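Summary of the model geometry
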Amino acid sequence: MSKPWFSRSPEDTLSELRSTPAGLSAQEVQQRMEQYGPNKLQEGKRKSVAVLFLEQFKDLLVIILLIAAVISALTENVESTIVIFAVLILNAVLGTVQYLKAEKSLESLKAMSSPTAKVLRGGVRVEVPSAEVVPGDIVLLEAGDLVVADGRIIENFSLKVNESSLTGESEGVEKDAAPIDREQVALGDQKNMVFSGSLVTYGRATVAVTATGMNTELGKIAALMNQTQQRKTPLQKSLDDFSGKLAVVIMAICAVVFALSIFRSHMGVLDSLMFAVALAVAAIPEALSSIVTIVLAMGTQKMAKQNAIMKDLKAVESLGAVSVICSDKTGTLTQNRMTVQKIYADGKLLEGKDLELANTPQRLLLKIGLLASDATYDPADGSSIGDPTEVALLQLANAFDVEEELYRQYHPRLRELAFDSDRKLMSTLHQLDGVPTLLTKGAIDVLLGRSTKLLTSEGPVPMTEERRAEIMAVNEQLSNEGLRVLAFAQKEMDGIRDLTLEDENDYTFVGLVSMIDPPRPESIQAVADAKTGGIRTIMITGDHKVTASAIARQIGIFQEGDTALSGVDLDAMSDEELDQILPHVSVYARVSPEHKIRIVSAWQRRGCIVSMTGDGVNDAPALKKADIGVAMGITGTEVSKDAASMILADDNFATIVRAVVNGRSVYANIKNAIQFLLSGNMSAILCVVYASVMGLSVPFAPVHLLFINLLTDSLPAIAIGMEPARKGLLRHKPRDPKEPILDRGLLQRIFGQGLLIAVPVMAAFYLGLSYGGPAAASTMAFATLTLARLFHGFNCRGEESIFRLGFRSNPFSLAAFGGGVLLLLAVLFIPGLNTLFQATALDMTHLLEILGLAFLPTLIIQIFKLIRGR
Ligand code: ATP
């Protein structure tokens, strides 16, 4: 490229890119896609499968096992060596597969939440996934969009972007389209360029894409850093930490057991070493870390199917601990389907359908609704585009046979001040009967205060305090019915000229239009469900306080003794005052995005885990501040989706509650799987320690323990992770986020259940000893331990007894049990395999003894659960 993009004119840029203002053709896009590849950043170097496989051997435990294999070979116990190697390789294969699967599931989630871009192709505006943008594409940017590629601005309409991800500068940068007449310009000063990763905060622009993917400025930075991301969640980290500590404790116990076996049973050093190795193998939960990852990944997949797209695994953990859900009203709790109800003009309150066109103020209401509006409505098929508030006004006009398109052509829009939810007004300038007139609609509390006159059928009269009070009373009455009230006003202008915000003053008030936006039917149930689960729902809205409170009451958010605060009330309050009143406030009305941050912070000060919804550009900071920022998949801006940790594919409040339940279920399942794995390990540890203390022979060979830990235990553990979410989860209060996963209760259960399993296993050991010596004893102990742990899988599915949980509610647990039993039978009875596993012959009596003893712990635990359940 000869000249830098910023020094070219828009026309030169287009010709250099072989593009046009109407964009590329489908064929050109196809060609460039092949030439440049997808518009994506490579995330560090992908590890190859071989590297992943080798990494599985880095574990401390695996090294211990390798030592064990060598020791076995030295003691001429070649079978053991072979089995250990086989198991290690199998474990490494499983580990690699699990890693790849988890990666893949994260990737598919990412694809679901990846941004889109509006591009012009062949003159038609289409929305495409950001990965499909190619150099030469014409991208249309507007406030709320994420810039997905580098580009030269072709047309600029007051564009302002935040480039902090590139330059670190948090202030918005104003852009323009003029070429810069210099060769060297810093990124931040390239005013006619936009860069991938920036956010559009204001205005619009048309941009020709100059670079995509790794060729963008962001791509260059990414290539420099080129690091793989640490993707472990706090839970995974604390479990790794736990495993590390456990390994040290185990080493110490191993040393003691080693010494004991040498001195008490006068074994050879190598045999005693095998004893110690057996203990290490018994104790370290080999499968734990990968099972946690699998359960988290499966949880996110399931949530995605239910319209809640989680952007990272970390959020799944916090989700289960959410105790406050702050939700937008319009569209999330309600349907965002507005229908006009009552109308107030010229001193009369009437139904929309009874409007009289002969009455000037009443007719003007219809006019403003049509002209000061961006929506379109097609009565032929009932389809509409745009803000539902405006669509409702068009539908009203249509009921009086006013042709929207013709009418708008007849009174073209000359200037405008677009709606924004901070100002809560929208104004347009038209020629009405030859007079330049500003037509404004918006929030009544804003517009009434700026009106100095009131329009009546006799003409304008001064806006006295009494007239104002009367209008406020009507507003109060309508709002109390949960209706959204929109105010209308007009103003004659001194000419046709550019508008400023100063012009939105000194109005003649015309009237009010109220509309209904019914609650989503599922919201009521979801709020009730959340309440049962100790989760507080709070409504946050730009709407009027009285309207919002009325809707909140219908949905069950606003209860006896609650209050509603407005943005103005909030501004007048100190943080201390807010902290005091906080638990009683269930509705915040007329709030701005800054207020949302204050509300989140206030709840967080109380130690709550807060979820907050948002859809606009300005909501991004509040979404980041919340523990779970929730963006709207349908109506949300790209910026809000970028800042959120969860995206609602259906914009529905009920989906948030369902996701929280799923988050709780994932956490509970992980905890149950940990209980299962660790209590099983505990039972083996207790047996080995007992045997060494009592001077008995070693109860299990390392191959036995490896077989259990890696194969027969993994199956039920995964099945426990797949336990479906139960309604019962909502009967509990949210989890205390500070509480460690291995809390005292869990540790007690691990020890108690471990002991409960260890006793019958040692009984089986003694039985074997009495009829066939150490080899038979070991076989009996191994078989009983394996089967007892397979049964124990049912105990760990949930708190309730298995009869309440139901066998059929988790078919995986049955399959895991069946698979485990088959594996056990195979190593006991298949010739060759049984020699590898040093299994002695077992007759029917022995098998029945094993079955009875192995079932005993589960019988006791189930009876205990049944009694407690009563
Ligand atoms: P949410 O509950 O999600 O905050 P909301 O629609 O109540 O949504 P905003 O969209 O910020 O919040 O609207 C705030 C106020 O601005 C409304 O109560 C209404 O009075 C006014 N308003 C809304 N839409 C328009 C519009 N298209 N033109 C003029 N005024 C509007």
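About the thresholds
Residues numbered from 1 in each chain as written. Predicted model: local features only at pLDDT ≥ 70, side-chain atom pairs only at ≥ 80, totals over all residues. Heavy atoms only, no water. Near = heavy atom within 4 Å. Polar contact = N/O pair within 3.5 Å; in protein donor to acceptor, adjacent residues only side chain to side chain. Areas by Shrake-Rupley, 256 points an atom, 1.4 Å probe, with all protein chains shown as cover. Helix = DSSP H or I, 4+ residues; strand = E, 2+ residues; numbered from the N terminus. Nonpolar A, V, L, I, M, F, W, Y, C, P; charged D, E, K, R; others polar. Domains from an automatic or database assignment. Expected span 1.5 Å × (residues − 1). Core = buried A, V, L, I, M, F, W, Y, C linked by side-chain atoms within 4.5 Å. Buried < 20%, exposed > 50% of the residue type's maximum accessible area, 1.4 Å probe, protein only. Contact = heavy atoms within 4.5 Å. UniProt positions renumbered as here; feature names shortened; annotations may be inferred. Pairing = 2+ DSSP bridges. Axes fitted to C-alpha atoms, helices over the stretch in contact; angles between N-to-C directions. Parallel < 35°, antiparallel > 145°, perpendicular 65-115°, else oblique. Salt bridge = Lys/Arg side-chain N within 4 Å of Asp/Glu carboxyl O.

1. A look at the site of the ligand
Residues in contact with the ligand amount to 18 residues; listed here are only the nearest, Asp 387, Ser 421, Arg 484, Thr 541 and Gly 542. In this structure, Lys 329 approaches the ligand through a main-chain N or O atom, which is 3.4 Å from an oxygen atom. Take Arg 484: an N or O atom from its side chain is 2.5 Å from an oxygen atom of the ligand. Burial of the ligand by the protein chains amounts to 89% of its free accessible area of 610 Å². For the shell around the ligand, the leading source of residues is strand 16 (residues 435-443), giving three residues. Taken together, the residues of the shell around the ligand sort by class into four nonpolar, five polar and nine charged.

2. Observations regarding the domain arrangement of the chain
Domain annotation of the chain identifies domain 1 (5-36 + 113-227), domain 2 (54-95 + 232-307 + 660-869), domain 3 (313-335 + 520-651) and domain 4 (339-516). Computed from C-alpha coordinates alone, the two centres of domain 1 and domain 4 are separated by 39 Å.

3. Points about helix 10 (residues 288-305)
Over its 18 residues, helix 10 runs 26 Å from end to end, which matches the ideal 26 Å to within 8%, given 1.5 Å per residue. Phi for Asn 307, located one or two positions after helix 10, is positive at around 75°.

4. Examining the nonpolar core
Judged by nonpolar contacts, the single largest core of 65 residues is most densely connected at Ile 84, Phe 700, Leu 705, Phe 782, Leu 785 and Leu 787. Top element by residues in this core is helix 27 (residues 744-795). It accounts for 17 residues. Not counting residues up to four positions away in its chain, the partners in contact with Leu 787 are Phe 817, Val 821, Leu 824, Ile 850, Leu 851 and Ala 854.

5. Notes on unusual backbone geometry
In this model, Arg 18 sits at a positive phi of 50°, which is unusual for a non-glycine residue. Assessed through its relative accessible area of 56%, Arg 18 is described here as exposed. For Lys 424, which is not glycine, the phi torsion reads 65° and is therefore positive. Secondary-structure assignment places Lys 424 in the loop between strand 14 (415-420) and strand 15 (425-432). By relative accessible area, which is 12% here, Lys 424 ends up buried.

6. Description of the UniProt feature "transmembrane region" (unreviewed entry) in the chain
UniProt feature "transmembrane region" (unreviewed entry): in the numbering of this structure it lies at residues 49-74, 80-100, 246-267, 273-297, 673-693, 746-767, 812-830 and 850-867. What you have in residues 746-767 is 100% helix and 0% strand, and the ends, taken at the C-alpha atoms, are 32 Å apart. Between the end C-alpha atoms of residues 812-830 the distance is 26 Å, and the span holds 95% helix and 0% strand.

7. Observations concerning the pairing of strand 20 (residues 507-516)
The buried count for strand 20 comes to nine of 10 residues, which makes it a mostly enclosed element. In the sheet, strand 17 (residues 451-456) pairs with strand 20 via three bridges, with the strands oriented parallel. Considered in strand 20, the bridge of Lys 453 is made with Thr 508. Across seven bridges, the pairing between strand 19 (residues 484-492) and strand 20 is antiparallel.

8. Some details on the packing of helix 25 (residues 702-712) against helix 26 (residues 714-721)
Their axes nearest at 5 Å, the elements helix 25 and helix 26 cross at an angle of 25°. As far as their axial angle goes, helix 26 and helix 25 are roughly parallel. For the pair formed by helix 25 and helix 26, the contact residues are Asn 709, Leu 710, Leu 711 and Thr 712 on the first element and Ser 714, Leu 715 and Pro 716 on the second. Grouping the amino acids of the contact of helix 25 with helix 26 by side-chain chemistry returns four nonpolar, three polar and no charged.

9. Observations concerning the environment of Leu 623
Relative to the elements of secondary structure, Leu 623 occurs in helix 22 (residues 620-625). Separated by 50 residues in the primary sequence, Leu 623 and Ala 673 place their C-alpha atoms 32 Å from one another. Those residues within four positions of Leu 623 in sequence are excluded, and the remaining contacts are Met 612, Thr 613, Gly 614, Gly 629, Val 630, Ser 640, Ala 643 and Ala 644.

10. Remarks on helix 29 (residues 811-829)
Taking 1.5 Å as the rise per residue, helix 29 with 19 residues should run 27 Å; its terminal C-alpha atoms sit 27 Å apart, in good agreement. Buried residues of helix 29: Ser 813, Ala 816, Phe 817, Gly 820, Leu 824, Ala 826, Val 827 and Leu 828, and no others.

11. Comments concerning the pattern of salt bridges
Tallying each qualifying case throughout the model produces 30 salt bridges. As a salt-bridge pair, Arg 423 and Glu 504 come within 2.8 Å of each other at their nearest N and O atoms. You can see Arg 423 sitting in the loop between strand 14 and strand 15 and its partner Glu 504 sitting in the loop between strand 19 and strand 20, a full 81 residues away along the chain. For the pair Arg 423 and Glu 504, one class covers both residues: buried. Here Lys 545 ties to Asp 569 by a salt bridge, and the two come within 3.0 Å at their closest N and O atoms. Residue Lys 545 is located in helix 18 (residues 545-555), and its partner Asp 569 is located in helix 19 (residues 567-571); the two are separated by 24 residues in the primary sequence. Overall, the relative accessible area of 30% leaves Lys 545 in the partly exposed class. Within this structure, Lys 118, Glu 142 and Asp 145 form a network of salt bridges that share partners.

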